[in-house]
Amino acid sequence: MCAMLLHVEHNNYVQAPGTILLAATPIGQTDDASTRLVRAIEQANVIAAEDTRRLRGLCSRLGIEPGGRVLALHEHNEDHKAQALVDTAAAGQRVLLVSDAGMPTVSDPGYRVVQTAIAAGVRVSALPGPSAVLTALAVSGLPTDRFCFEGFLPRKGKERKHAIAQLVTEERTTIFFESPRRLHTTLVDLAAVCGKDRQAVVCRELTKTHEEILRGTLQELARATAGEVLGEITIVMAGAAPQVADPQDHVQAVLALTQEGMRLKDAAAQVARATGLRKNELYDAALAAK
């Protein structure tokens with residue numbers, strides 16, 4: 001085992017033949033490109049890039065040339081190109097997937113390719129690196145122990161209202177991507193539904209020369225972004241305060257179970273497990289209501 005690892009490192013090994021490698025690319029600073037990423041680009045037989053021009057620009061800045069054929073893989077063609085890429089890997093080629101910035105499949109192309117590869121038994125691996133999601137979370141100053149990523153919110157209509165309404169009671173720190181053109185509107189909508197005093201952070205142009213991090217309440221941030229905003233945007237919003245459950249709110253659920261033939265003690269225990277309330281509190285409240 002040790003001998004093989006030494007051999008792999010000596011030969012600058014990055015990707016085995018017959019695999020699909022998802023490679024993270026810089027979100028701003030070219031210097032954030034890892035040595036492994038450079039070698040993967042040079043070694044790959046096929047490179048599927050979200051934007052081939054962006055990939056070639058990165059290669060130019062890194063002073064390297066793609067080792068294999070470069071093709072475009074984006075939201076409009078991924079469905080019909082996924083199988084061909086998987087077949088290429090299955091035939092023993094090294095297939096590399098890169099997006100414009102960050103990790104493929106995270107609000108970027110690649111998901112269909114991964115699903116197709118898994119179904120075909122083709123190995124998928126990842127080359128870790130820069131991530132706007134984790135970078136924004138790390139610098140936000142908001143809790144990092146539990147968080148969720150919402151990608152881009154729906155632009156309008158019932159889907160947008162429903163998506164924002166679900167965040168009212170979300171206790172985890174929530175991360176979004178947003179267009180600079182819609183940033184102000186999104187902050188206004190979040191403030192109106194989730195509360196104007198909810199803490200949030202707007203991260204603009206992370207790791208780039210004009211990086212800017214704005215912290216405050218949703219209302220304060222909405223005001224601060226009312227004018228023209230440019231660049232890549234990531235929003236980090238604090239979770240909702242934990243809801244304090246009231247046994248009285250769940251008495252009817254306990255009584256409904258008893259009407260179906262369950263003993264009061266068992267009914268209280270079942271509802272307690274579902275709500276996080278104490279079994280004895282629910283039992284006493286239901287007993288008093290009978």
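Residues numbered from 1 in each chain as written. Predicted model: local features only at pLDDT ≥ 70, side-chain atom pairs only at ≥ 80, totals over all residues. Heavy atoms only, no water.

(A) Summary view of the UniProt feature "domain: RsmI HTH" (unreviewed entry) in the protein chain. Here the UniProt-annotated "domain: RsmI HTH" (unreviewed entry) positions come out as residues 246-290. The span residues 246-290 is 71% helix and 0% strand, and its two end C-alpha atoms sit 18 Å from each other. (UniProt positions renumbered as here; feature names shortened; annotations may be inferred. Helix = DSSP H or I, 4+ residues; strand = E, 2+ residues; numbered from the N terminus.)

(B) Looking closely at the layout of surface pockets. As a volume, the largest pocket reaches approximately 1,200 Å³. What lines the largest pocket is a set of 44 residues, and nearest its centre among them are Glu50, Ala101, Ser107, Asp108 and Glu232. If one sorts the elements of the lining of the largest pocket by residue count, helix H3 (residues 52-62) sits on top with five residues. (1 Å grid on protein atoms, 1.4 Å probe; cavity = no way out; pocket = protein on both sides within 12 Å on 5 of 7 lines; lining within 4 Å. Points joined across faces, edges and corners; volume = space filled by probe spheres on them.)

(C) Spatial organisation of unusual backbone geometry. Although it is not a glycine, Thr105 adopts a positive phi angle of roughly 80 degrees. By secondary structure assignment, the location of Thr105 is in the loop between strand S4 (95-98) and helix H5 (111-120). Judged by relative accessible area, Thr105 falls into the partly exposed class, the value being 31%. Notably, Thr207 is not glycine yet its phi reads approximately 70 degrees, a positive angle. Summarising the element assignment, Thr207 is placed in the loop between strand S8 (199-204) and strand S9 (212-217). (Buried < 20%, exposed > 50% of the residue type's maximum accessible area, 1.4 Å probe, protein only.)

(D) Here's a closer look at the confidence of the model for the protein chain. Chain-level statistics for the protein chain give a pLDDT mean of 92 and a share of 96% at 70 or above. Scored below 50 in pLDDT, residues 1-11 makes one contact in the model with residues more than four places away or belonging to other chains. (pLDDT = per-residue confidence, 0-100. Contact = heavy atoms within 4.5 Å.)

(E) Representation of the pattern of salt bridges in the model. One pass over the full model with this rule turns up nine salt bridges. Residue Asp79 is joined to Arg112 by a salt bridge in which the shortest nitrogen-to-oxygen separation is 3.5 Å. In this pair, Asp79 sits in helix H4 (residues 78-90) while Arg112 sits in helix H5, placing the two residues 33 residues apart along the sequence. The class for Asp79 is exposed, based on a relative accessible area of 63%. A residue is classified by how much of its surface remains accessible, and Arg112, at 43% relative accessible area, is partly exposed. The partner of Lys208 in a salt bridge is Glu205, with the nearest N and O atoms 3.4 Å apart. Overall, Lys208 belongs to the partly exposed group, its relative accessible area being 28%. (Salt bridge = Lys/Arg side-chain N within 4 Å of Asp/Glu carboxyl O.)

(F) Broad picture of the environment of Thr144. Turning to its location among the elements, Thr144 is positioned in the loop between helix H6 (132-140) and strand S6 (147-152). Taking the C-alpha atoms as reference points, Thr144 and Ser60, separated by 84 residues in sequence, lie 36 Å from one another.

(G) Examining empty space enclosed by the protein more closely. Evaluation of the coordinates by the stated rule reveals one cavity of 30 Å³ or more. Computed from the structure, the largest cavity encloses a volume of approximately 40 Å³. Forming the walls of the largest cavity are Ala48, Ala49, Glu50, Leu73, Leu97, Val98, Ser99, Pro104 and Pro109. The set of elements that each furnish at least two residues to the lining of the largest cavity consists of strand S2 (46-49) and S4. Grouping the constituent residues of the lining of the largest cavity by class yields seven nonpolar, one polar and one charged. (Nonpolar A, V, L, I, M, F, W, Y, C, P; charged D, E, K, R; others polar.)

(H) Quick peek at the UniProt feature "domain: Tetrapyrrole methylase" (unreviewed entry) in the protein chain. Following the UniProt record, one finds the feature "domain: Tetrapyrrole methylase" (unreviewed entry) at residues 20-222. Taken end to end, residues 20-222 has its terminal C-alpha atoms 42 Å apart, with 38% of it in helix and 22% in strand.

(I) Structural detail: the nonpolar core. Grouped together as the largest cluster of nonpolar side chains are 19 residues, with contacts concentrated most on Phe176, Leu183, Leu187, Leu190, Cys194, Leu218 and Met237. Among the secondary structure elements, those contributing two or more residues to this core are helix H7 (157-165), helix H8 (183-194), S8, helix H9 (218-224) and strand S10 (233-237). Ranked by residue count, the leading element in this core is H8, at five residues. Setting aside residues no more than four positions away along its own chain, Leu183 makes contact with Glu178, Val202, Thr225, Val229, Ile233 and Ile235. (Core = buried A, V, L, I, M, F, W, Y, C linked by side-chain atoms within 4.5 Å.)

(J) Inspection of the packing of H4 against H5 at higher detail. Contact geometry for H4 and H5: axes closest at 8 Å, N-to-C directions at 40 degrees. Relative to H5, H4 is oriented oblique. For the pair H4 and H5, the sense of crossing is right-handed. On the side of H4, the interface is formed by Glu78, Asp79, Ala82, Gln83, Leu85 and Val86, while H5 contributes Tyr111, Arg112, Val113, Thr116, Ala117 and Ala120. (Axes fitted to C-alpha atoms, helices over the stretch in contact; angles between N-to-C directions. Parallel < 35°, antiparallel > 145°, perpendicular 65-115°, else oblique. Left-handed = near helix turned anticlockwise from the far one by under 90°.)

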